[in-house]
There are 4 protein chains.
Amino acid sequence: MSGEQYVAVVGPADASEADIAAAYATGAALAARGAVVICGGMGGVMSAVAAGVRSAGGLCVGLLPGDSREGASPDLTVALPTGLGEVRNALVVRAADALVAIGGSWGTMSEIALAVRSGRPAVAVGGWQVVDASGSPVDGVIFAGDPGEAVEAVLALPSTDA
Amino acid sequence: MSGEQYVAVVGPADASEADIAAAYATGAALAARGAVVICGGMGGVMSAVAAGVRSAGGLCVGLLPGDSREGASPDLTVALPTGLGEVRNALVVRAADALVAIGGSWGTMSEIALAVRSGRPAVAVGGWQVVDASGSPVDGVIFAGDPGEAVEAVLALPSTDA
Amino acid sequence: MSGEQYVAVVGPADASEADIAAAYATGAALAARGAVVICGGMGGVMSAVAAGVRSAGGLCVGLLPGDSREGASPDLTVALPTGLGEVRNALVVRAADALVAIGGSWGTMSEIALAVRSGRPAVAVGGWQVVDASGSPVDGVIFAGDPGEAVEAVLALPSTDA
Amino acid sequence: MSGEQYVAVVGPADASEADIAAAYATGAALAARGAVVICGGMGGVMSAVAAGVRSAGGLCVGLLPGDSREGASPDLTVALPTGLGEVRNALVVRAADALVAIGGSWGTMSEIALAVRSGRPAVAVGGWQVVDASGSPVDGVIFAGDPGEAVEAVLALPSTDA
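On a predicted model such as this, the values are computed, not experimentally measured, just so you know.

Peer 1: How would you summarise the relation of the copies chain D and chain C if you had to cite specific residues and measurements?
Peer 2: Once chain D is rotated about the relating axis by 180 degrees and shifted along it by 0.0 Å, it coincides with chain C to within an RMSD of 0.0 Å. A rotation of that kind, with that shift, is consistent with a two-fold axis. By residue overlap, the copies meet face to face through one surface: 100% of the interface positions of chain D are interface positions in chain C.

So, in structure tokens, the structure goes:
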């Protein structure tokens, strides 16, 4: 267990095909590099990242919103019911050293914001962006062109749990 | 206790003078209308909204990030330590029927995102905005020109706890 | 807000008439002494303590297990949905400086245990007791004969939030 | 991931040699039977159960109280910081289908109580016991003579996540 990096991969349950493909590739690449992956454990991007991790023989933990494992992705290595609803988004971020976000949704935005707020590196592939009152992008999130770039970026960044 | 609306007012600890003034005015106006106000209980916008609520004889609850009441705004009616760090942002949203955000920060953005995600009306006065990949504003947040407009908007909206 | 003591009063939803009467008296006595009371916000002991606090013009906060205020005691001053289920038991303890337990149940026992675990004074009126392998009572909880004695004890004890 | 049972094994950080040995044996036996083990991730019983699971090639998840993985048992398969302090006790219980408690402490008692409260089977090896006002043991916990008996009991019981 010592020395691995823990990376949260987050994104919408209601995801586009491109987001699904990017999530699968990100999971596979992180697992190939020895990172432990944490996700929300349900459908869409969450399920795709678990499948990608599994394809590379890695370890993927799902922190589920409900009280049971019903509806959890079958590709998770470990599925942990929290019963916290969307409060679990904060725990997905807390459990990880860094975050990759794929695609846009308000749940995903909450996780990006909590990651930046708590000093965890956050890398986005596609999805939404935050701008200030003058329309300029707000600092804090690193934008990557594709999953490979995102994985390189996130593993190169200093972890909060050195 | 029956029939009141509970409104979370959120915003940065490190706030501008304009945000501080808007927070005070929002707190005073919500209290004058009989709403219970919930905030994060610390400095900046949080402290200013508590002072505004107090000026109008209202009730303001602070959900504090730490284990103790150290650093809590002296104007809170009730100060509740949670020991949850930024996880308490999710509880500030959860405890309220609707949200007013004043000013921009990543913590504030996490609360806006969790409010929209969970179906609670979210009204913003100034601050940051979320745009999609094409640069168009994403639906979900109502923008108000000033505190009076924000309070009218938030109290007119259907509450999630009818 | 400065200087008050915050006392959690906990006990079963399915409570005896004696527990209900003790909870009401405890709430009234704490409010008369200026303490802010925190409870789980639902029926039985929780509802009775809120009614006692209200009878003495005090302030009672309910941290509710569900996502809404449905089923909350109408005598609460402030009713805060947490959506955390029994995880909110830990927050009831966390938010308070000390705890009074009235009557016995497993939920109540979890709150007593978390209070002692975290160094908060815990006073019990009736209810269950914890014994070690040899049958001897385990240190940590102060037993009071009646609500008046419990309130004296809990307000005399050093608070964790001095 | 489908079909496994998830069992929380809990007990004091400050544990006796007998408790340490029992925790190791319990972890090894649960892993040998294919269960996923969840624990608090730190020292004493927590660390011993992780070592036992590892000795049998199983999977052990630690839900840590702090913000980082500092002090986590090196034998955990997955170490997840929660930053929740003792609130994480409630999540250790929530994530599992059933619970084995080894040894006595107030933290351990909080986990036993939350397990029984939420309908999860709870089996104790040694440790403390709860009695009612008349001194009679309160129903809810199954007492096992040794780790082997505890593991048989806990795996035979109907899970809450069928």
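Peer 1: Now, about the interface of chain D and chain C: what can you tell me, with residues and values included?
Peer 2: Residue-level contacts link 30 residues of chain D with 30 residues of chain C. When chain D packs against chain C, close to 2,400 Å² is buried across both sides, 73% of that on carbon and sulfur atoms. One can count 2 salt bridges joining chain D with chain C. Among the ionic pairs, D:Glu86 bridges to C:Arg94, the shortest N-O distance being 3.3 Å. At the boundary of chain D with chain C, the tally comes to 8 residue pairs in polar contact (both at pLDDT 80 or more). Mapped by element, the contributors of at least two residues to the side of chain D that touches chain C are helix 3 (88-94), helix 4 (106-117) and strand 7 (129-131) of chain D. If one sorts the elements of the side of chain D that touches chain C by residue count, helix 4 of chain D sits on top with 9 residues.

Peer 1: Report on the packing of helix 4 (residues 106-117) of chain A against helix 4 (residues 106-117) of chain B, specifying residues and quantitative values.
Peer 2: One can describe the packing of helix 4 of chain A onto helix 4 of chain B by two numbers: an axis separation of 8 Å at closest approach and a directional angle of 160 degrees. Accordingly, the angle class assigned to the pair helix 4 of chain A and helix 4 of chain B is roughly antiparallel. Between helix 4 of chain A and helix 4 of chain B lies a crossing whose hand is left-handed. Judged by residue contacts, A:Trp106, A:Gly107, A:Met109, A:Ser110, A:Ile112, A:Ala113, A:Leu114, A:Val116 and A:Arg117 of helix 4 of chain A engage B:Trp106, B:Gly107, B:Met109, B:Ser110, B:Ile112, B:Ala113, B:Leu114, B:Val116 and B:Arg117 from helix 4 of chain B. Taken together, the residues of the contact of helix 4 of chain A with helix 4 of chain B sort by class into 12 nonpolar, 4 polar and 2 charged.

Peer 1: So what's going on with the sheet that holds strand 3 (residues 60-64) of chain D? Residues and values would help.
Peer 2: All names here are of chain D. Read across the open sheet, the 7 strands follow the order 4-3-2-1-5-6-8; overall the sheet is parallel. Looking at which strands have only one partner, the edges of the open sheet turn out to be strand 4 (78-81) and strand 8 (142-144). The average undirected angle you get between the axes of adjacent strands in this sheet is 25 degrees. Judged from the 3 bridges that link them, strand 1 (residues 6-10) and strand 2 (residues 36-39) form a sheet pairing that is parallel. Bridge pairing links Val7 to Val37 in strand 2. Here helix 1 (residues 17-32) sits on the sheet and contacts strand 1, strand 2 and strand 5 (98-102); the angle it forms with strand 5, its principal contact strand, is near 155 degrees. Running over the sheet, helix 5 (residues 147-156) touches strand 1, strand 5, strand 6 (122-125) and strand 8 and is turned about 175 degrees from strand 6.

Peer 1: Talk me through the sheet that holds strand 1 (residues 6-10) of chain A; I want residue IDs and the actual numbers.
Peer 2: The strands making up a sheet associate through backbone hydrogen bonding, with each pair oriented either parallel or antiparallel. All names here are of chain A. One open sheet accounts for 7 strands, arranged 4-3-2-1-5-6-8; its pairing is parallel. Of all strands in the sheet, those bounded by a partner on one side alone are strand 4 (78-81) and strand 8 (141-144). Neighbour to neighbour, the strand axes of the sheet diverge by 25 degrees on average, direction disregarded. Relative to strand 5 (residues 98-102), strand 1 is paired through 4 bridges, and the arrangement is parallel. Along strand 5, the bridge assignment pairs Val10 with Ala101.

Peer 1: Explain the environment of A:Thr77 to me, using residue names and the numbers behind them.
Peer 2: Residues and elements named next belong to chain A. Looking at where Thr77 falls in the secondary structure, it is placed in the loop between strand 3 (60-64) and strand 4. Measuring from C-alpha to C-alpha, the distance between Thr77 and Val53 comes to 9.1 Å, with 24 residues separating the pair along the chain. Polar side-chain contacts of Thr77 include one of 2.8 Å to the backbone nitrogen of Cys60.

Peer 1: Mind laying out the pattern of salt bridges, listing which residues take part and the relevant values?
Peer 2: Overall, the coordinates contain 20 salt bridges over all chains when judged by the stated rule. The shortest N-O distance in the salt bridge between A:Arg33 and A:Glu152 comes to 2.6 Å. Placement of A:Arg33 in the loop between helix 1 (17-32) and strand 2 (36-39) and of A:Glu152 in helix 5 (residues 147-156) is noted, with a sequence separation of 119 residues between them. By relative accessible area, A:Glu152 is classed as partly exposed at 45%. As a salt-bridge pair, D:Arg94 and A:Asp67 come within 3.5 Å of each other at their nearest N and O atoms. One end of the pair, D:Arg94, is in helix 3; the other, A:Asp67, is in the loop between strand 3 and strand 4, on a second chain.

Peer 1: An account of the relation of the copies chain A and chain D is needed here, citing residue identities and associated values.
Peer 2: For these two chains of identical sequence, chain A goes onto chain D by a turn of 180 degrees and a shift of 0.0 Å along the axis, with RMSD 0.0 Å. When the interface residues of chain A are mapped onto chain D, 100% of them again fall at the interface, so both copies present the same face.

What counts and how
- Residues numbered from 1 in each chain as written.
- Chains lettered and ligands numbered in written order.
- Predicted model: local features only at pLDDT ≥ 70, side-chain atom pairs only at ≥ 80, totals over all residues.
- Heavy atoms only, no water.
- Least-squares fit on C-alpha atoms with pLDDT ≥ 70 in both.
- Contact = heavy atoms within 4.5 Å.
- Buried area = accessible area lost by both parts, 1.4 Å probe.
- Salt bridge = Lys/Arg side-chain N within 4 Å of Asp/Glu carboxyl O.
- Polar contact = N/O pair within 3.5 Å; in protein donor to acceptor, adjacent residues only side chain to side chain.
- Helix = DSSP H or I, 4+ residues; strand = E, 2+ residues; numbered from the N terminus.
- Axes fitted to C-alpha atoms, helices over the stretch in contact; angles between N-to-C directions.
- Parallel < 35°, antiparallel > 145°, perpendicular 65-115°, else oblique.
- Left-handed = near helix turned anticlockwise from the far one by under 90°.
- Nonpolar A, V, L, I, M, F, W, Y, C, P; charged D, E, K, R; others polar.
- Pairing = 2+ DSSP bridges.
- Buried < 20%, exposed > 50% of the residue type's maximum accessible area, 1.4 Å probe, protein only.

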